[in-house]
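# Fold and geometry: a report
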Amino acid sequence: MYIRQITVLRFIAAFSVVVFHFGLKVPLFDNGCLNALFSEGAIAVSFFFFLSGYVLSISTSSKAFLNAKEFYKKRIARIYPLYLIAFLMTLCLAMFYLEAFPKGNSIILQVLALHAWIPGKCLEINFPSWSISVEFFFYALFPLIWNLKRKIRNWFIPLVIIAWALSQWIYIELRWINADFPGTFNGEFLLYSPIFHLTTFLMGMLSADFYLKRKVKFSNWLGSLMFFVSCTLLVLILSTHNAIISYSHNGLLAPLFALLILSLSLVENRLSRFMGNRFFNLLGNSSYALYIFQWPLYLLFDQICNDYLSEEAFFVCYTLILILSSIVLHHYIEIPLKRKLLKGSNF
């Protein structure tokens, strides 16, 4: 089962992360509401985790029992080739241009996608890839959770909600304790460790259950209202100084993510058809390449063009090249390698 109209949200989230990393000082984004909004672009990674649980649950909804071996094979074929290519590209560029020579343990951890577990190592080399390390943890657990969910049935909903609420309470309490939170060992563990993002993924799975068990589609007016409310609340929270935003990194906004995704998934109207058009679908499907190659392509483009372009022109050209490159990578590397690795698979 494939929901076309939510695919473009992956591109929007990935683009938000790119602006957060490289575009906040560009005049286009260095003003008022836009700057405040994209300054919280890291929250888009939390959205990725939620969306991952949602999409995986829907795509496997027809399976009464999920074969772990076949699931792992498909996920590795989908994610790992580009992940490894981006890692090697970053490593070579950083050594050549920046004279950065990471230690062997950092290289091994990133090759194995385990670096998100280790404070001090989680952001080394291709730093955005810490979230892919988190995703691999979700993939490792997904068959177990899926098959367990089938057994406990109605208990899954209250257990996920309790686990999510408990994780938010722990995170908030620890933020209060650590005033210099982001720069501490404990801070990096809580911000990047996969275990503290698991409930965001589970909330995505829970929302997928709601979608799959629906009796009827939402009416057009109700779906449109839900979409407007969820978008408005997200923009207000992310673009204004408030207490909520400081604690949103680990899935506090999952209920709003659910409202947004369900408002698009459960309606068929002009908005859903527009967001599901072929071009937006292409951008959404290429968003993984855009996300994982943002740093190595920035390193390369910076060395070639930084002396010849203004800051704004540099970012615009870099972004266009990144988007075009992600489409090429998706079509000519990601898809062919996936098909080759899955050749002969029954999954």
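Residues numbered from 1 in each chain as written. Predicted model: local features only at pLDDT ≥ 70, side-chain atom pairs only at ≥ 80, totals over all residues. Heavy atoms only, no water.

## Some thoughts on the overall build of the protein
When helices and strands are counted, the protein shows 16 helices and zero strands. For the protein, the spread of C-alpha atoms along the principal axes amounts to about 60 × 50 × 45 Å. Counting the 347 residues in the protein, one finds 51% classified as buried. Within the protein, residue pairs in contact and separated by at least 24 positions form 79% of the contacts whose partners lie at least 6 positions apart. Entry remark: accessible area of the protein is about 17,100 Å², with carbon and sulfur atoms responsible for 68%. Computed over 27 positive and 16 negative side-chain charges, the separation of the two mean positions in the protein equals 21 Å. (Helix = DSSP H or I, 4+ residues; strand = E, 2+ residues; numbered from the N terminus. Buried < 20%, exposed > 50% of the residue type's maximum accessible area, 1.4 Å probe, protein only. Contact = heavy atoms within 4.5 Å. Areas by Shrake-Rupley, 256 points an atom, 1.4 Å probe, with all protein chains shown as cover. Lys, Arg positive; Asp, Glu negative; His and termini not counted. Charge placed at Lys NZ, Arg CZ, Asp CG, Glu CD.)

## Considering the packing of helix 10 (residues 220-239) against helix 11 (residues 254-265)
The interhelical angle for the contact between helix 10 and helix 11, taken along N-to-C directions, is 145 degrees, at an axis separation of 8 Å. When the axes of helix 10 and helix 11 are compared, the crossing they make is left-handed. Within the contact between the two elements, helix 10 uses Gly223, Met226, Phe227, Val229, Ser230, Cys231, Leu233, Leu234 and Ile237 and helix 11 uses Leu256, Phe257, Leu259, Leu260, Leu262, Ser263 and Leu264. Residue classes in the contact of helix 10 with helix 11 are distributed as 13 nonpolar, three polar and no charged. (Axes fitted to C-alpha atoms, helices over the stretch in contact; angles between N-to-C directions. Left-handed = near helix turned anticlockwise from the far one by under 90°. Nonpolar A, V, L, I, M, F, W, Y, C, P; charged D, E, K, R; others polar.)

## Comments concerning the packing of helix 4 (residues 68-97) against helix 5 (residues 104-111)
Running from amino to carboxyl end, helix 4 crosses helix 5 at an angle of 155 degrees, the nearest separation of the two axes being 10 Å. It follows that helix 4 is roughly antiparallel to helix 5 by the angle criterion. Listed contacts from helix 5 to Tyr80, Tyr83, Phe87 and Leu91 of helix 4 are Ile107, Gln110 and Val111. Here the contact of helix 4 with helix 5 is built from residues that sort into six nonpolar, one polar and no charged. (Parallel < 35°, antiparallel > 145°, perpendicular 65-115°, else oblique.)

## Let's talk about the packing of aromatic side chains
Using the criterion set out here, one finds 37 aromatic pairs in the structure. With a centroid separation of 5.0 Å and an interplanar angle of 80 degrees, the aromatic rings of Phe96 and Tyr97 are classed as edge-to-face. Of the residues examined, Phe96 reaches a relative accessible area of 66% and is grouped as exposed. In this structure, Lys149 packs its charged tip against the face of Phe156, placed 5.5 Å from the ring centre. (Phe/Tyr/Trp six-rings, centres within 6.5 Å; stacked < 30°, edge-to-face > 60°. Lys NZ or Arg CZ within 6 Å of the ring centre and 35° of its normal.)

## Digging into the state of the cysteines
Inspection of every chain in the model, using the stated rule, returns zero disulfides. Here Cys317 is not cross-linked by a disulfide; its sulfur's nearest cysteine counterpart is in Cys305, at 7.2 Å. (Disulfide = S-S within 2.5 Å.)

## Overview of helix 13 (residues 278-285)
Those residues of helix 13 that fall on the buried side of the exposure criterion are Asn281, Leu283 and Gly284. One face of helix 13 carries all of its buried residues, which in axial projection span an arc of 160 degrees. In this fold, the buried residues of helix 13 make contact with helix 1 (7-22), helix 14 (287-292) and helix 16 (311-341). (Arc of directions from axis to C-beta.)

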